[in-house]
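So the chains spell out like this:
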Amino acid sequence: MEASPSPSTLPRKRGRPKGSTSKIKEEKEREKEREREREREREREANNNSNNSNGGGAKMRGGGGGGGGGEKKNIAVDEKYSQWKAIVPVLYDWLANHNLVWPSLSCRWGPVLEQSKFKNRQRLYLSEQTDGRDPNTLVIANCEVVKPKVAAGDHIAHFNEEARSPFVKKYKTIIHPGEVNRIRELPQNKNIVATHTDCPEVLIWDIEAQPNRQAVLGASESRPDLVLTGHEDNAEFALAMCPTEPFVLSGGKDRSVVLWSIQDHISTLTMDDATKSTGSVGSIIKPADNPNPSIGPRGIFHGHDDTVEDVQFSPSSPQEFCSVGDDSCLILWDARVGSDPVVKVKKAHNGDVHCVDWNPLDENLILTGSADHSVNMFDRRNLTSSGGVGSPVHKFEDHKAAVLCVQWCPDKSSVFGSSAEDGIVNIWNYEKVSKKKERETRSQASPSGLIFKHAGHRHKVVDFHWNVYDPWTIVSVSDDVEASSGGGTLQIWRMTDLIYRPDSEILAELEQFKSHVVECSSKSKE
């Protein structure tokens, strides 16, 4: 039987972060019961007055009783969702919908485990943010990713929103000390992940070495393989792993950005070895006299005036990175020249900046997403105008609520995605911006640069992740607790290639198809 870890080996917990679910669920249930009673009362009134109304005994929606505004909003959301679902076979090459019992605030792709003709099996990292009656968990799932042009359109459109997808199977559960707010995988070995919770420390987990646990009330928490110390206050959301070296970056409520190297604590396991590993052999080196090591920071960087909300490494250097925060600032850092900002954009947005990403294919371009509903694209060579105010290359506007996540496409340097509290994942291509401007007099149908809207979530989309092993495949997750009694919705989707392929290719393919149809038609008449 696994021994319970001692308090000294685990991070200090500081209470539940934003988004705790127990009170929300209880209040939603009470509100639902009140709404059902109001609905019954409206039906009785409608039946009593049926002889004096044109509508007979039909239900009256949104009239008279309190809560009508919320009901109308839900009806509008459901109508838009129904419209989206009706055209799924046209818009998507593949889509899988997976209902979550508890919300997950993060979703990340792991290594590919197996490849076959029609699909690949791949790791998927999720979490379960519970109400305290069950333990919070880090979930490792195995996902069957269907390859392009394999799934039938009619099949992907027929799914049950309340059911779990057969493509997603839970593989292992880690009982996490506190809620999992962020998950990030180590690019050099995707079996090693870092998590942020409601405490100052960053936790490092060796997925294959960790035992599978049963998430039952009273179960002892799993031991992290490494604990990274250095923050003086909670660090809940800002977390990144370096693409070139085993470095970790974090930001928190103490307004600082903290950098660690875990180089001396991991084995030389290569990516290919990692993808083949399915056993319990670990890749984190632990001293015999210290089975639960902790690591102090390589550097602490000060420059923000409020909570740091997100951080990201440069794609080419482990010493260069950027951060954004609730002070509306975007800051670029270089650990080689000290702990002060290299460049500080004092007003990157007109509100809190929630997320940032650095283009892996063009290191001059940086994205930021904000509570002001917009996404800004900056060129690091010309970040500010006079007075240090942000001077973005372009502002992308379409979301109707705070932007929570932005990420560049790993396959095309001009394409990126954004998700927001409006329940939408937008896919943008900045190469289309200038072309759109040329056609503005002819059409105002969509914002400049917007090429696709994923409207499969009905509530706020808290995270999404492009799949580097399967081009144009995305996993996204929504937190449904505040709007319903449900937990969350996980969706894995791939838009049809007619949306992003070059126009010349599509036209040539359509012309070939047209010729084929004409030929078949001629033969049938003979």
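Being a predicted model, the structure only gives us computed values, none of them experimental.

## Thoughts on the overall build of the chain
And step 1. Helix and strand content of the chain: 7 helices and 29 strands.
And step 2. Each of the 526 residues in the chain was classed as buried or not, and the buried ones make up 52%.
And step 3. Within the chain, contacts between residues at least 6 apart in sequence are counted, and of these 61% link residues at least 24 apart.
And step 4. Per element, the accessible surface of the chain, about 23,900 Å² overall, is 49% carbon and sulfur.

## Here we look at the sheet that holds strand 2 (residues 108-115)
And step 1. What the 4 strands build is an open sheet, ordered 2-3-4-5; its pairing is antiparallel. Both edges of this open sheet fall to strand 2 and strand 5 (168-175), since each of them pairs with a single strand only. For this sheet, the mean inter-axis angle between neighbouring strands, taken without regard to orientation, is 25°.
And step 2. Looking at chain direction, strand 2 and strand 3 (residues 119-128) are connected through 5 bridges and run antiparallel. Across the sheet, residue arginine 108 finds its bridge partner in strand 3, namely tyrosine 125.

## So, the pattern of salt bridges
And step 1. The tally for this structure, following the rule as stated, stands at 21 salt bridges.
And step 2. Residues aspartate 497 and lysine 149 are paired through a salt bridge, measuring 3.4 Å at the closest nitrogen-oxygen approach. Linking aspartate 497 in the loop between strand 29 (488-495) and helix 7 (503-525) with lysine 149 in the loop between strand 4 (137-146) and helix 4 (153-157), this pair joins segments that are 348 residues apart in sequence.
And step 3. Bridged by salt links that share partners, the residues Lys149, Asp497, Arg501, Glu505 and Glu509 form one connected network.

## Overview of the nonpolar core
And step 1. Leu124, Ile427, Leu490, Ile492 and Trp493 are the most contacted members of the largest nonpolar core, which has 42 residues in total.
And step 2. Excluding its chain neighbours within four sequence positions, the residues that come into contact with leucine 490 are Ala96, Asn97, His98, Leu100, Cys107, Leu124, Leu126, Val168, Val475, Ser476 and Val477.
And step 3. In this structure, Ile192, Leu228, Ile266 and Ile295 belong to the second largest nonpolar core, which totals 16 residues.

## Focus on the side chain of glutamine 491
And step 1. Mapping glutamine 491 onto the fold places it in strand 29.
And step 2. Once residues lying within four places of it in the same chain are set aside, the contact partners of glutamine 491 are Trp84, Ala96, Asn97, His454, Gly456, His457, Ile474, Val475 and Ser476.

## A closer look at the state of the cysteines
And step 1. Counted according to the given criterion, the structure contains 0 disulfides.
And step 2. Free cysteine cysteine 107: the closest other cysteine sulfur is in cysteine 405, separated by 7.8 Å.
And step 3. When its relative accessible area of 0% is taken as the criterion, cysteine 107 is described as buried.

## Focus: the environment of histidine 98
And step 1. The residue histidine 98 is located in strand 1 (residues 92-100) in this model.
And step 2. Along the chain, histidine 98 and proline 166 lie 68 residues apart, while their C-alpha atoms are 8.4 Å from each other.
And step 3. If we skip the residues at most four places from it in the chain, histidine 98 touches Ala163, Arg164, Ser165, Val168, Gly488, Thr489 and Leu490.
And step 4. For histidine 98, the side chain forms a polar contact with the main-chain nitrogen of serine 165, separated by 2.8 Å.

## Here we look at the sheet that holds strand 19 (residues 353-358)
And step 1. Strand order in this open sheet of 4 strands is 19-20-21-22, and the pairing throughout is antiparallel. The sheet is open, and its two edges are formed by strand 19 and strand 22 (394-397), each paired on a single side. Neighbouring strand axes in the sheet, compared pairwise and without regard to direction, differ in orientation by 20° on average.
And step 2. Relative to strand 20 (residues 365-370), strand 19 runs antiparallel, the two sharing 5 bridges. The partner of valine 356 across the bridge, within strand 20, is threonine 368.

## A word on the confidence of the model for the chain
And step 1. Chain-level pLDDT for the chain is 84 on average; 78% of the residues reach the 70-or-more range.
And step 2. Residue range residues 1-25 is modelled with pLDDT below 50. Its contacts to residues more than four positions away, or to other chains, number 66 contacts.
And step 3. Within the model, pLDDT remains below 50 along residues 268-281, and this stretch shows 23 contacts once partners closer than five positions in the same chain are excluded.

## A closer look at the side chain of histidine 465
And step 1. Structurally, histidine 465 is set in strand 27 (residues 461-466).
And step 2. Owing to a relative accessible area of 5%, histidine 465 belongs among the buried residues under this scheme.
And step 3. Separated by 3.4 Å, the side chains of histidine 465 and arginine 108 make a polar contact.
And step 4. Residue contacts for histidine 465: discarding those within four places in its chain leaves Cys107, Arg108, Trp109, Glu185, Gln407, Thr473, Ile474 and Val475.

## With respect to the pairing of strand 20
Looking down a regular strand, the side chains alternate between one sheet face and the other.
And step 1. Of all 6 residues in strand 20, 6 are buried; the element is thus mostly enclosed.
And step 2. Linking strand 19 to strand 20, which pair antiparallel, is a turn of 6 residues.
And step 3. Bridge analysis of strand 20 against strand 21 (residues 374-379) gives 5 bridges, and the strand direction is antiparallel. Note that in strand 21 the partner of leucine 365 across the bridge is aspartate 379.

## Things to note about the pairing of strand 23 (residues 403-408)
And step 1. Here strand 23 lies mainly inside the structure; 6 of its 6 residues are buried.
And step 2. Connecting strand 23 to the antiparallel partner strand 24 (residues 415-420) that follows it, the hairpin turn spans 6 residues.

## Some remarks on the packing of aromatic side chains
And step 1. Summed over the entire model, instances satisfying the criterion amount to 17 aromatic pairs.
And step 2. Taken together, a centroid distance of 6.4 Å and an interplanar angle of 85° make the contact between tryptophan 408 and tyrosine 430 edge-to-face. Here tryptophan 408, found in strand 23, pairs with tyrosine 430, found in the loop between strand 25 (425-429) and helix 6 (431-438); they are 22 residues apart in sequence, far enough to count as distant.
And step 3. Look at tryptophan 408 and you get buried, because its relative accessible area is 2%.
And step 4. Aromatic side chains tryptophan 472 and tyrosine 500 sit 3.8 Å apart centroid to centroid with 5° between the ring planes, which places their arrangement in the stacked category.

## Comments concerning unusual backbone geometry
And step 1. Phi is positive for lysine 149, which is not a glycine, with a value near 60°.
And step 2. For serine 328, which is not a glycine, the phi torsion comes out positive at approximately 70°.
And step 3. In this fold, serine 328 is placed in the loop between strand 16 (320-325) and strand 17 (330-334).

## Structural notes on the environment of tryptophan 84
And step 1. Mapped onto the elements of the fold, tryptophan 84 is located in helix 2 (residues 68-86).
And step 2. On the basis of relative accessible area, tryptophan 84 is assigned to the buried category, the value being 4%.
And step 3. Separated by 372 residues in sequence, tryptophan 84 and glycine 456 place their C-alpha atoms 7.0 Å apart.
And step 4. Ignoring any residue separated from it by four or fewer positions in sequence, one finds tryptophan 84 in contact with Tyr92, Leu95, Phe159, His454, Ala455, Gly456 and Gln491.

Each value, and the rule that gives it
- Residues numbered from 1 in each chain as written.
- Predicted model: local features only at pLDDT ≥ 70, side-chain atom pairs only at ≥ 80, totals over all residues.
- Heavy atoms only, no water.
- Helix = DSSP H or I, 4+ residues; strand = E, 2+ residues; numbered from the N terminus.
- Buried < 20%, exposed > 50% of the residue type's maximum accessible area, 1.4 Å probe, protein only.
- Contact = heavy atoms within 4.5 Å.
- Areas by Shrake-Rupley, 256 points an atom, 1.4 Å probe, with all protein chains shown as cover.
- Pairing = 2+ DSSP bridges.
- Axes fitted to C-alpha atoms, helices over the stretch in contact; angles between N-to-C directions.
- Salt bridge = Lys/Arg side-chain N within 4 Å of Asp/Glu carboxyl O.
- Core = buried A, V, L, I, M, F, W, Y, C linked by side-chain atoms within 4.5 Å.
- Disulfide = S-S within 2.5 Å.
- Polar contact = N/O pair within 3.5 Å; in protein donor to acceptor, adjacent residues only side chain to side chain.
- pLDDT = per-residue confidence, 0-100.
- Phe/Tyr/Trp six-rings, centres within 6.5 Å; stacked < 30°, edge-to-face > 60°.

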